[in-house]
Amino acid sequence: MRPRDKTIFYREHRMEKNNLIQIMTEKAVAVGTIVHEISSVSNALQYAVDLNKEKHLKTMACPGLDSEDRDRLLDLCKSSGMDLLEEPLRNNASSLDTSLTWIDFGIADTGTLMLASDSEEIRIATMLAKIHIAMLPVSKIRLNTGSIEADLNDILKKDSASYTAFITGPSRTADIERVLAIGVHGPVELHLLLIKDMQP
Amino acid sequence: MIKTAQDMKSYKKKIRQALGDSFLRSALDEFNTAYRKNRPSVYKDIDFNILRDAIAENKDSLIPFLEILFEEFKLNAQKAGAIVHRAKDARQANEIIARIAKENKVKKIIKSKSMTAEETFLNDYLEKQGFMVTETDLGEWIIQLKHEGPSHMVMPAIHLSRYQVGELFEKQTDSKVDSENIDKLVKVARHELRPRFLEADMGITGANFAIADSGTLGMVTNEGNMRLTTTLPRVHVALVGFDKLVSDLGSALNILKLLPRNATGQAITSYVTWIKGANQSLNNPSGKKEMHVVFLDNGRLSLSRDPVFYTSLRCIRCGACANVCPIYSKVGGHRYGHVYIGAIGLILTLFFHGKDNDRAIVRNCINCQACKEVCPVAIDLPHLIKKTYARVIKEEGKTPVKNFFLAKVMKNRKLFHFILKSAYLAQQPLSKGKPMIRHLPYFLEKDHGFRSLPAIAKTPLRDLWQTISPKLETPSLRIALFAGCAMDFIYPSHGKDLLKLLKKANIQVDFPLDQTCCGLPAMMAAEEKTAKAIAVQNIQAFEAEQYDYILTLCASCASHLTHNYEKIFMEAQEPGMDFKLFTDKIIDFSSFMDKVYKFSQTDQNINKKVTYHAPCHLCRGLHVTEEPRALIQKAGYIYTPSRDEDVCCGFGGSYSVDFPEISSEILKKKLDNIEASGADILVTDCPGCVMQLKGGLDKRQSPVKVLHLVELLAKKK
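Here the structure is a predicted model, which means the values were calculated and not measured. (Residues numbered from 1 in each chain as written. Chains lettered and ligands numbered in written order. Predicted model: local features only at pLDDT ≥ 70, side-chain atom pairs only at ≥ 80, totals over all residues.)

## Describing helix H2 (residues 41-54) of chain A
Residues and elements named next belong to chain A.
Argument step 1. The end-to-end C-alpha distance of H2 is 20 Å, a good match for the 20 Å that 14 residues give at a rise of 1.5 Å each.
Argument step 2. Within H2, the full set of buried residues consists of Val41, Ala44, Leu45, Ala48, Val49 and Asn52. Take H2 and look down its axis: the buried residues cluster within an arc of 135 degrees, on one side only. Turned more than 90 degrees away from the buried face of H2, the exposed residues are Asp50 and Glu54.
Argument step 3. Packing partners of the buried residues in H2 comprise strand S1 (34-38), strand S2 (59-61), helix H3 (67-79), strand S4 (98-102), strand S7 (131-137) and strand S12 (189-195).
Argument step 4. Immediately beyond the C-terminal end of H2, within one or two residues, lies His56, with a positive phi of roughly 60 degrees. (Helix = DSSP H or I, 4+ residues; strand = E, 2+ residues; numbered from the N terminus. Expected span 1.5 Å × (residues − 1). Buried ≥ 20, exposed ≤ 12 C-beta atoms within 10 Å, placed from the backbone. Arc of directions from axis to C-beta. Contact = placed C-beta atoms within 7 Å.)

## Quick notes on the interface of chain B and chain A
Argument step 1. Opposite the 50 residues of chain B that make contact, chain A presents 42 residues.
Argument step 2. Contributions of two or more residues to the side of chain B that touches chain A are made by helix H2 (22-42), helix H8 (138-145), helix H9 (162-173), helix H10 (182-199), helix H11 (225-231), helix H12 (249-264) and strand S9 (271-276) of chain B.
Argument step 3. A per-element tally of the side of chain B that touches chain A places H10 of chain B first, with seven residues.
Argument step 4. In terms of residue class, the side of chain B that touches chain A is made up of 25 nonpolar, 18 polar and seven charged.
Argument step 5. Where strand S9 (residues 162-167) of chain A and S9 of chain B come together, six bridges link them in antiparallel fashion. (Nonpolar A, V, L, I, M, F, W, Y, C, P; charged D, E, K, R; others polar. Pairing = 2+ DSSP bridges.)

## Considerations on the domain arrangement of chain B
Residue and element names in this part refer to chain B.
Argument step 1. Partitioning chain B into structural domains gives domain 1 (1-42 + 319-397), domain 2 (43-301) and domain 3 (454-715).
Argument step 2. Summarising the inter-unit geometry, the C-alpha centres of domain 1 and domain 2 are found 23 Å apart.
Argument step 3. Between domain 1 and domain 2, the residue contacts involve 26 residues of the former and 28 residues of the latter.
Argument step 4. Of all the secondary structure elements, the ones that give two or more residues to the side of domain 1 that touches domain 2 are H2, helix H14 (320-323) and helix H16 (343-353).
Argument step 5. Ranked by residues supplied to the side of domain 1 that touches domain 2, first place goes to H2 with eight residues.
Argument step 6. The residue makeup of the side of domain 1 that touches domain 2, split by class, is 18 nonpolar, seven polar and one charged. (Domains from an automatic or database assignment.)

## Details of helix H28 (residues 528-542) of chain B
Residues and elements named next belong to chain B.
Argument step 1. With 15 residues, H28 extends 22 Å between its outermost C-alpha atoms, agreeing within 8% with the 21 Å of an ideal straight helix rising 1.5 Å per residue.
Argument step 2. The inward-facing, buried residues of H28 contact helix H20 (401-410), strand S13 (477-482), helix H27 (520-524), strand S15 (549-552), helix H29 (555-572) and helix H30 (579-583).
Argument step 3. Where H28 terminates, the next one or two residues include Glu543, which has phi positive at roughly 45 degrees.

## Focus: the packing of helix H31 (residues 589-596) of chain B against helix H33 (residues 626-634) of chain B
Residue and element names in this part refer to chain B.
Argument step 1. Packing of H31 against H33 brings their axes to within 8 Å, and their N-to-C directions diverge by 65 degrees. Read as a crossing pair, H31 and H33 show a hand that is left-handed. In this structure, H31 contributes Ser590, Ser591, Met593 and Asp594 to the contact, and H33 contributes Glu627, Pro628, Ala630 and Leu631. (Axes fitted to C-alpha atoms, helices over the stretch in contact; angles between N-to-C directions. Left-handed = near helix turned anticlockwise from the far one by under 90°.)

## Digging into the pairing of S9 of chain A
Residues and elements named next belong to chain A.
Argument step 1. Most of S9 sits out of view: six of its six residues are buried.
Argument step 2. Burial of the side chains of S9 extends over both faces: Ser162, Thr164 and Phe166 are buried on one face and Tyr163, Ala165 and Ile167 on the other.
Argument step 3. Of the pairings in the sheet, the one linking strand S6 (residues 112-116) to S9 comprises four bridges and is antiparallel in character. Bridged to Leu113 within S9 is Ile167.

## Re the confidence of the model for chain A
Argument step 1. Across chain A, pLDDT averages 91, with 90% of residues at or above 70.
Argument step 2. Predicted confidence is poor over residues 1-13 of chain A, with pLDDT under 50, and the contacts of this stretch with residues over four places away or in other chains come to one contact. (pLDDT = per-residue confidence, 0-100.)

## Here's the deal with the sheet that holds S12 of chain A
All names here are of chain A.
Argument step 1. Pairing is parallel across the open sheet formed by six strands, whose spatial order is S1-S12-S7-S4-S2-S3. Here the strands that pair on one side only, and so sit at the sheet edges, are S1 and strand S3 (83-84).
Argument step 2. Sheet topology places S2 next to S4; two bridges connect them, and they run parallel. Each residue of the ladder has a partner; that of Ala61, found in S4, is Ser99.
Argument step 3. The strands touched by helix H4 (residues 120-128) are S2, S4 and S7; relative to S4, the strand with the most contacts, the crossing angle is about 130 degrees.

Shown next as structure tokens:
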């Protein structure tokens, strides 16, 4: 490839990426997700602790975070007087307030988060918490379900068991008089933190 | 426990009760209007028609191979640790599930919403076996507390008000509940049900997709209870109909584009979950979940081989056929289905729950085509409902009186027309020579007195024809008129107006005298043989090759003469009948005046507001929507839209006689909207609708005048 072409490719790629962030944000906000662009994982951890503090919540869980990030969160929790719950979370199911997890892909078109939830810890954290804070590297945003079809199929075609979730906004119902109500069984709030400086 | 009326008398009683339920009436009427209003914005990003046809085609390609797909699913799911069962009927499915529960020493069961489990009455069975079963979908929990079946496939408790829900919750929690605040009611459910999830030994779900090439289940939900149901208990059983099998993920993702949009107006639901095999479960000693998938046949495999009814297996349970149905919006789901609700329910009930439960409800379709238009898998629901009715009659083994009469009279044109002419004399004591019959004999007035009835004309159009027909030397076009019974015997003046218009354009019109009723009333009564015999008579009467067009001023006739004639002859598979030559030449009045006659803009402005009623068989049957509205404006009038212009007027031919209590309620809403528009004149282009609307407005003594479009256009120029 000649240098000139490379520049063009780069520009288009940049444009596409910004566009995807914009679509992802718009669509996610439209279904009630609270979206923020955040510059680093450290800031995301701080965001989670601040949010918990602001809401006067006591406990957090962070399944799937690497040990370094987990330790940083633990320190932040301790200094704010909160508990970072131990796994298995099943034992603390009734006291879980807020969960912080990674997300595998964002689907911009519908503001959807795709999360491989094979681990029971991930499932419990994202289902039972009052607030779910999801971290997504911007490089993992795809346009629509068609653009994650191959990735999802790779998971499903394996001979092993799997549990993959598309999450779009907080839990909702309109079962009484067709009036929309949030947080019937799952999280009452869904926060999406788009993390800018992550590499794919 | 669901108790569906098994005869017309008790069905009518239930209908009258429902019509008196003011909450139900206003809630469903609002829903019907809101759903249709919201629809264009839901589909602004994707093309509904293209996707619908693609999904229908994909489903059709799979339906003959459901057993093969099942084997493929089983193989793939088993590799990931799931145990796959197949149940030939509801009883066997329930037995399998109870056995799994017993083998795993289950006591408490939680369920997420599953229409398939409703179909098998699984809860009743499990409770009788001593298990404690809790529904966790909010709507399902509510109806479980009320000991009722769902009244809608997506919103099971849509028939209940917040106060009724509050009462149930107060009884359940033994404490005061703030019924006014729906958010608080929802939180009661969250609070009450959360411990049930944590205590349960087994979770039962349905599934929206069973993907064969990976053995994965796909579930489309909003509340999050399904995720908890499949995660917290140590055993998971999914009960899945064979019709949920798709070949691959791509097929499922395509359906996922339409299902939430059509069901709830969402681009996607809050949760879509893909579950394969036995996942991690830390409260099982093995560390893995006990995972079972039970596939339910219950008549599906035999349906898949039926040349007519196989299309009903395309259904993805979005519930939209109920959302847009004018009858559902009046009577509610418990009077519009057995377990499955809405148009598809009137069909599936026969196959899943037998003729006794379908006998009465299957007759309650007005054939307005609203369901067909929104079906995301292109099921010809109104047609299948009539086919189902025909099958119910066949299974019953005795012909209803109406059908006996239709067959005897309608096949014989001369006898039929003799009876219509005799009716002119018979009605004299009621009409007293006036064009409207305002009061019926006492015993009929109560049910049928909601509209004035038009009187039969003294001389039908066919007898006037010799004296009024044009004989043009060098006509620019030759057309034949298909009058239809209403124009011929009730509104011959519409024929005169037509001639007035066409003469100016030098168009020769013939009236083939051997023409008879189009046959739609026979088809609506599931009198298939008669409908076909009539079709043959009409095709022979017209000698279509002589004409440029066959024009009809009745939208219902036009739609029947084209689409239904094609269906009749295609299904009969009889070669030799060249129906295409006939059906291709049929044209409705609005299309003819706009496209062939090229009715031009008048330079005179008439200071009168005209609103329009879109006949079902014109706007949905023939997809003619812009022409009549444009013609009103071209004639110099001020077109003033009214709300829900394209909703049925409640006529439906003999429907308004069979179900006058519903017909009058549909008409009432229509007339309210018309009067609210502030129009001076209401125009429509179907004599059936003219009859209903004119009759209703006359009874109200409304100043709004009702005209067939031909009358409006003939007035000017």
